[in-house]
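Architecture and fold: a report
Chain by chain, the residues:
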Amino acid sequence: MIYYKTDEEIELMRLSNLLVSKTLAHVGGLLKVGISGKSIDKSAEEFIRDNGGVPGFKGYRGFPSTLCMSVNDAVVHGIPSNREFISTDVVSIDCGVILNGFYGDAAFTFGFFDINDSVIKLLKVTRESLYKGIELVTVGNRIGDISYAIQHYCEKVHGYGIVRELVGHGVGKNLHEDPEVPNFGLKGKGPMLKEGIVIAIEPMVNMGNKGVKQLSDGWTILTKDGKPSAHFEHSVAVRKNGPDILSDHSFIENAIKINTEIVDISINI
Ligand code: MG
Ligand code: MG
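All chains use their own residue numbering, which begins from 1 and follows the written sequence. Here every chain gets a letter starting at A, and every ligand a number starting at 1, in the order they are written. Local features in a predicted model are, by the rule used here, given only for residues with pLDDT of at least 70; side-chain atom pairs are given and counted only at 80 or more, and totals for whole chains, interfaces and linings are based on all residues. Side-chain descriptors were evaluated using all non-hydrogen atoms of the structure, hydrogens and water having been removed beforehand.

Attention shifts here to the sheet that holds strand S10 (residues 204-206). Strand pairing requires that DSSP identify at least two bridges connecting the strands. Only runs of H or I of at least four residues qualify as helices and only runs of E of at least two qualify as strands under DSSP, and these elements are numbered from the N terminus. One open sheet holds the 3 strands; their spatial order is S6-S10-S13, and the pairing between them is antiparallel. Either end of the sheet is taken by a strand with one partner, and the two such strands are strand S6 (161-162) and strand S13 (229-231). Sheet analysis places S6 next to S10, joined by 2 bridges and oriented antiparallel. Residue pairing in the sheet places glycine 161 in a bridge with asparagine 206 of S10.

Here is the structure:
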């Protein structure tokens, strides 16, 4: 069942997502060659708790970490490890927090300074596809309108593979609520968007084939063909006048502008 949020609840969710956004910006400032994912995860947890929140993923169905950190051919749900980052890594980081009883959920993919142009393009296209989905978030549209826009842009226009096994979702007092928000589908199909629905839209886009497999750790999703993958996510409220993006990537993009080890995909390269 779909939970419709009041204006007051949406404002609380904006605060949850603001903390997620600031945590991802904090992480974006820490990403350096030679630092481990695990040390960044620890810092992210401290940041969230110092700001009055609770990590939303840690302990969720037994997930061990504050962040999902998915490197190179990992798509999503990677567990931060002691491996140190290298200059060709592409790292998708997903963050959830609970604040005032509501979840915030957003993700961003960071590329280190030696990633090649084809990977930079993958990041830019995946990010653009997220906004192509978001621009269709308005009362009266359907989930399938969002799904189709993302799939068309990534697969038809750019020849990438959209992951089928994992989808976006409603979000609120629960991390995963109805409706599901697939990154593939048909215009005019699926649940209708109504005022007060909050959805996490999160394209997971493979440079190669859409196929994925799960690592033996029981969490990490990898591309079958070993090619890189990207993941960008916003939590978005449905309003009469259009999308109300509750998370805010501008904090992350500003952190990247200062961190010379991460490619700035918000500018044209
Ligand atoms: Mg997420
Ligand atoms: Mg999500």
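The way it works is a 1 Å grid over only the protein atoms, where trapped points that fit a 1.4 Å probe form a cavity and open points with protein on both sides within 12 Å along at least five of seven lines form a pocket, and then any residue with an atom within 4 Å of a point lines it. Grid points are joined across faces, edges and corners, and a volume is the space filled by probe spheres set on the points. Its boundaries defined by the atoms lining it, the largest pocket holds a volume of some 510 Å³. Tyr60, Arg61, His77, Leu166 and His176 are, among the 23 residues lining the largest pocket, the residues nearest its centre. At 3 residues, strand S8 (residues 177-181) tops the list of elements feeding residues into the lining of the largest pocket. Here the residues of the lining of the largest pocket are counted per class, giving 10 nonpolar, 4 polar and 9 charged. Put simply, the second largest pocket is a space of about 230 Å³. Looking at the second largest pocket, it is lined by 16 residues, and the ones nearest its centre are Met69, Val71, Ile79, Ser81 and Arg83. Broken down by class, the residue content of the lining of the second largest pocket amounts to 7 nonpolar, 6 polar and 3 charged. Classification used: nonpolar for Ala, Val, Leu, Ile, Met, Phe, Trp, Tyr, Cys and Pro, charged for Asp, Glu, Lys and Arg, polar for all others including Gly.

Moving on to the coordination of the magnesium ion (ligand 2). Water is not part of the atom set, so a site may look incomplete; the donors themselves are N, O and S atoms within 2.8 Å of the metal, or 3.2 Å for Na, K and Ca. Distances from the magnesium ion (ligand 2) to its protein donors, namely Asp105 (OD), His169 (NE2), Glu202 (OE) and Glu233 (OE), fall within the range 2.1 to 2.3 Å. For the magnesium ion (ligand 2), all donor residues lie on one chain, and their spacing in sequence is D-x63-H-x32-E-x30-E. In this structure, the magnesium ion (ligand 2) lies 3.1 Å from the magnesium ion (ligand 1), and both are coordinated by aspartate 105. One end of the pair, glutamate 202, is in the loop between strand S9 (198-201) and S10; the other, glutamate 233, is in the loop between S13 and strand S14 (234-239), and 31 residues separate them in sequence. This pair shows no difference in class: glutamate 202 is buried, exactly as glutamate 233 is. The rule is simple: take the accessible area with a 1.4 Å probe, protein chains only, and divide by the maximum for that residue type; under 20% is buried, over 50% is exposed, in between is partly exposed.

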